[in-house]
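Remarks on the overall topology
Okay, here's what each chain looks like letter by letter:
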Amino acid sequence: MLLTVKALTKSYSGAEGPVPVLRGIDLTVAAGDTLALTGESGSGKSTLLHLIAGLDAADGGSITLAGQDVTQLDDGGRAALRRESVGIIFQQFNLIPSLDIAANIAFQARLADSYSPTSARELADALGLGDHLQKYPDQLSGGQQQRVAIARALAARPKLILADEPTGNLDEETAGEVMTQMLALVAQTGAALVMVTHSPRLANQMSRQLHLRQGLLA
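Below is a short write-up of the structure. Model, not experiment: these values are computed from the prediction.

Procedures and definitions
- Residues numbered from 1 in each chain as written.
- Predicted model: local features only at pLDDT ≥ 70, side-chain atom pairs only at ≥ 80, totals over all residues.
- Heavy atoms only, no water.
- Pairing = 2+ DSSP bridges.
- Helix = DSSP H or I, 4+ residues; strand = E, 2+ residues; numbered from the N terminus.
- Contact = heavy atoms within 4.5 Å.
- Axes fitted to C-alpha atoms, helices over the stretch in contact; angles between N-to-C directions.
- Phe/Tyr/Trp six-rings, centres within 6.5 Å; stacked < 30°, edge-to-face > 60°.
- Lys NZ or Arg CZ within 6 Å of the ring centre and 35° of its normal.
- Buried < 20%, exposed > 50% of the residue type's maximum accessible area, 1.4 Å probe, protein only.
- Polar contact = N/O pair within 3.5 Å; in protein donor to acceptor, adjacent residues only side chain to side chain.

**Points about the sheet that holds strand E8 (residues 192–196)**
Either a parallel or an antiparallel arrangement is found when strands of a sheet pair, and the pairing is made through backbone hydrogen bonds. Taken together, 6 strands build an open sheet; the order of strands is E6-E7-E8-E3-E9-E10 and the sheet is mixed. Every interior strand has two partners, whereas the edge strands, strand E6 (86–89) and strand E10 (216–217), have only one. Note that strand E3 (residues 34–38) and strand E9 (residues 208–213) share 4 bridges and pair parallel. Looking across to E9, one finds that Thr 38 is bridged to His 211. The strands that helix H1 (residues 45–53) touches are E3, E6, strand E7 (160–164), E8 and E9; relative to E7, the one it contacts most, it runs at about 150 degrees.

**Re the packing of aromatic side chains**
Under the counting rule described, the total for this entry stands at 0 aromatic pairs. A cation over an aromatic ring shows up here: Arg 110 above the ring of Tyr 115, its NZ or CZ 4.1 Å from the ring centre.

**Details of the environment of His 211**
Mapped onto the fold, His 211 is located in strand E9. Judged by its relative accessible area of 35%, His 211 falls in the partly exposed class. For the pair His 211 and Ala 36, spaced 175 residues apart in sequence, the C-alpha separation works out to 8.3 Å. Excluding its chain neighbours within four sequence positions, the residues that come into contact with His 211 are Thr 38, Gly 39, Leu 216, Leu 217 and Ala 218. At 3.0 Å, the side chain of His 211 and the side chain of Thr 38 are in polar contact.

The structure is reproduced here in structure tokens:
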């Protein structure tokens with residue numbers, strides 16, 4: 001099993017004390033799985049993704065990713081695990097404005113020491129970016145920028161891709177196109193994909209769906 005989450009809990013400080021967000025999450029994801037996480041705003045979907053990625057610390061429970069217990073790693077260990085095993089796709093793209101598209105795509109792979117010019121070019125071509133590699137993020141449309149973010153995540157050849165509303169800023173038609181391309185490329189790499197989405201239509205394209213409600217998965 002690539003990812004195993006057991007009894008995961010997380011609370012945040014509120015005006016009247018701790019506010020529970022995750023109340024004991026159990027989750028498994030195998031290599032090649034595609035999983036949609038759905039739920040109302042504020043239900044903890046993004047929090048769960050951040051904990052899996054090691055971007056935040058859990059209060060209790062365990063997260064085992066690629067054989068390592070994320071909850072037992074220090075900041076450096078979590079950063080290394082993200083470099084080597086995790087690709088993250090954000091709703092806001094998070095491209096580096098001072099780098100051209102080719103350098104943005106290569107960025108994560110270079111950090112992970114897994115950069116392949118051939119693979120990066122193939123990803124760019126598959127996502128319709130081949131003619132835009134010398135441009136900068138502000139010269140591209142929203143849909144094109146999201147394709148760059150997907151290429152950047154995949155170029156490092158991660159074992160797990162975490163996507164937080166990756167098409168949330170796109171119109172429905174563009175979102176559908178980007179999602180189709182992303183799923184095809186994920187299938188080619190053999191990576192697992194866990195995606196937070198509010199869209200039932202996009203969730204239905206995934207192999208599994210889980211709904212987060214009141215801090216628990218169903």
